[in-house]
Amino acid sequence: MDRIRIRGGRPLTGRIEISGAKNSALKLMAASLLTEGALVLSRMPRLADTRFLGQLLAHLGAGVEEQDGAKLSIHAAAITDPFAPYDLVRKMRASFNVLGPLLAREGRAKVSLPGGCAIGARPVNLHLEALEALGAQIELEEGYVIAKAPSGGLTGGRVTFPMVSVGATEHAMLAAVLAKGETVLENCAREPEIADLAGCLNAMGAQVEGAGDAVIRIQGVDRLHGADWTVTPDRIETGTYAIAAAAVAGGDVTLAGAEAGHNGALWRALEKAGAKVETAGDGVRVSRSGALKAVDIDTAPYPGFPTDLQAQFMALMAVAEGASIIRETIFENRFMHVPELSRLGAKIQVHGNEAVVRGPATLKGAPVMATDLRASVSLVIAGLAAEGDTIVNRIYHLDRGFERLEEKLSACGAEIIRESE
Ligand code: EPZ
């Protein structure tokens, strides 16, 4: 199994090209099932997760073809069988999002329940309730969701989400675009990935209004057509490298292609911590020369501080002066990086959903183990700031969501290599 070795202490300087957003790309790929035409996605991140979903789409009958220039063409001219087996869904939760498109197009679908994952139970009740509000009949049988649309197809409906959910908002959109009549979704998630999905669906002929706001209105259409769409830049990759740039004094990195407006909460936190954040011609420049100061953060749905950057920010706070309180409000078990950061010398105490990080700690390299995607990259950031060698094991987690991580970091002066055992 591969691992990553980092020799810490060197500031990052240079330019990093930001890839397309994993969490957008996955939903856009699911949207390809809504049409007989080809959906061609540009700025596609090449990741284990997008490959897994490509395999599922191929299993469902789609032609999936990687093209030059980070393009992916998906052509679901016909669905062979609207059945997503456990083995293909369990690898990656976002595969569950094929349920809505299959149901909308074929009138029936059988999709494995995704199960829990390391960061929390992550139920899908809100996804299913939204589909029911569009007329779907849903049964759960032996770990599968068996969904049927009424004989005339799904019908528009009103869904008021009891809590904000990115996946459920997207899932409802993916089904409602082909439902008869109007659907109104209330208390929607407002993440940039949702506006990206709406933009792509509209390019395919859908009528979605209000994505990015709490209320989304969708007028169903009879059919969608193929389209070309460019995936929005990955705000979590952007934020991760921005935090990495601030982790060692002297860091100065331009995040090329980043969308500055998608990371407001992080920029505010980084500036309070002592970093400088400027919009550069084609992205964002983050640098740090003075001392790092402790800052408190609470994770929250967009536009709040993203849970997907909490672990990385905690690694930064480990080397900042003072005590920082980090509150995780989205997932119940998203502090698994704490024991591993502690192995590197970080001083962190966890009380329920709150972590108190007391800095500055002098981090010292050690072998550590990745537990999930964002936790893994927080260990990479800590390794960049530590003295000596840090070895991050189980990096298949990193490969799920960070494209060419070692290459991008070493181009900015980091000493980081991938080793095979
Ligand atoms: C998306 O997950 C992202 N994944 C996550 O990124 C991200 O952390 C999360 O949104 C929050 O921003 C993808 O887009 C593929 P939610 P999602 O539904 O949609 C509860 C990463 O590292 N909930 O907004 O699954 C849920 O348990 C990943 O890239 C229900 O109770 O998140 C959580 O507490 C990790 N019932 C909260 O809502 C439901 O039916 C928010 O989850 C659905 C969710």
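Residues numbered from 1 in each chain as written. Predicted model: local features only at pLDDT ≥ 70, side-chain atom pairs only at ≥ 80, totals over all residues. Heavy atoms only, no water.

Caption draft 1: Region of the structure containing the sheet that holds strand E2 (residues 13-17). Strand order in the open sheet formed by four strands is E2-E15-E17-E16, with mixed pairing between adjacent strands. One side of each edge strand has no neighbouring strand; the edge strands of this open sheet are E2 and strand E16 (276-280). Within this sheet the neighbouring strands show an average axis-to-axis angle of 20 degrees, counted without direction. As paired strands, E2 and strand E15 (residues 252-256) are joined by five bridges and run parallel to one another. The residue bridging glycine 14 from the neighbouring strand is valine 253, located in E15. Contacts from helix H8 (residues 235-247) reach E2, E15 and strand E17 (283-287) within the one sheet, and its direction differs from that of E15 by about 170 degrees. (Pairing = 2+ DSSP bridges. Helix = DSSP H or I, 4+ residues; strand = E, 2+ residues; numbered from the N terminus. Axes fitted to C-alpha atoms, helices over the stretch in contact; angles between N-to-C directions. Contact = heavy atoms within 4.5 Å.)

Caption draft 2: Broad picture of the pattern of salt bridges. Applying the stated rule across the entire model yields 26 salt bridges. One salt bridge in this structure joins glutamate 170 and lysine 27, with 2.4 Å as the shortest N-O distance. You can see glutamate 170 sitting in helix H6 (residues 166-176) and its partner lysine 27 sitting in helix H1 (residues 22-31), a full 143 residues away along the chain. Classification of glutamate 170 as buried rests on a relative accessible area of 0%. Using a relative accessible area of 9% as the deciding quantity, one classes lysine 27 as buried. Each member of the salt-bridge network shares a partner with another, and the members are Arg3, Arg5, Arg7, Asp389 and Glu419. (Salt bridge = Lys/Arg side-chain N within 4 Å of Asp/Glu carboxyl O. Buried < 20%, exposed > 50% of the residue type's maximum accessible area, 1.4 Å probe, protein only.)

Caption draft 3: Focus on the site of the ligand. Lining the immediate surroundings of the ligand are 23 residues, of which Asn125, Ser165, Asp308, Ile330 and Arg374 lie closest. Between an oxygen atom of the ligand and a side-chain N or O atom of arginine 374, the distance comes to 2.7 Å. Protein contacts shield 87% of the accessible area of the ligand, which totals 830 Å² for the unbound molecule. Looking at the shell around the ligand, the elements with two or more residues in it are H1, helix H5 (125-133), H6 and helix H12 (373-385). For the shell around the ligand, the per-class residue count stands at eleven nonpolar, six polar and six charged. (Near = heavy atom within 4 Å. Polar contact = N/O pair within 3.5 Å; in protein donor to acceptor, adjacent residues only side chain to side chain. Areas by Shrake-Rupley, 256 points an atom, 1.4 Å probe, with all protein chains shown as cover. Nonpolar A, V, L, I, M, F, W, Y, C, P; charged D, E, K, R; others polar.)

Caption draft 4: Focus on the domain arrangement of the protein chain. In terms of domain boundaries, the protein chain breaks down into domain 1 (2-19 + 233-420) and domain 2 (22-230). Taking only C-alpha atoms into account, the centre of domain 1 sits 31 Å from that of domain 2. Contact with domain 1, which involves 23 residues of that partner, is made by 21 residues of domain 2. Of the roughly 1800 Å² buried between domain 1 and domain 2 on both sides combined, carbon and sulfur atoms contribute 54%. Across the contact surface, domain 1 and domain 2 share two salt bridges. (Domains from an automatic or database assignment. Buried area = accessible area lost by both parts, 1.4 Å probe.)

Caption draft 5: Representation of empty space enclosed by the protein. One pass over the full model with this rule turns up three cavities of 30 Å³ or more. Within this model, the largest cavity holds a volume of roughly 50 Å³. Along its surface, the largest cavity is lined by Gln137, Ile138, Glu139, Ile146, Ala147 and Lys148. Listed by contribution, the elements that provide at least two residues to the lining of the largest cavity are strand E8 (137-141) and strand E9 (144-148). (1 Å grid on protein atoms, 1.4 Å probe; cavity = no way out; pocket = protein on both sides within 12 Å on 5 of 7 lines; lining within 4 Å. Points joined across faces, edges and corners; volume = space filled by probe spheres on them.)

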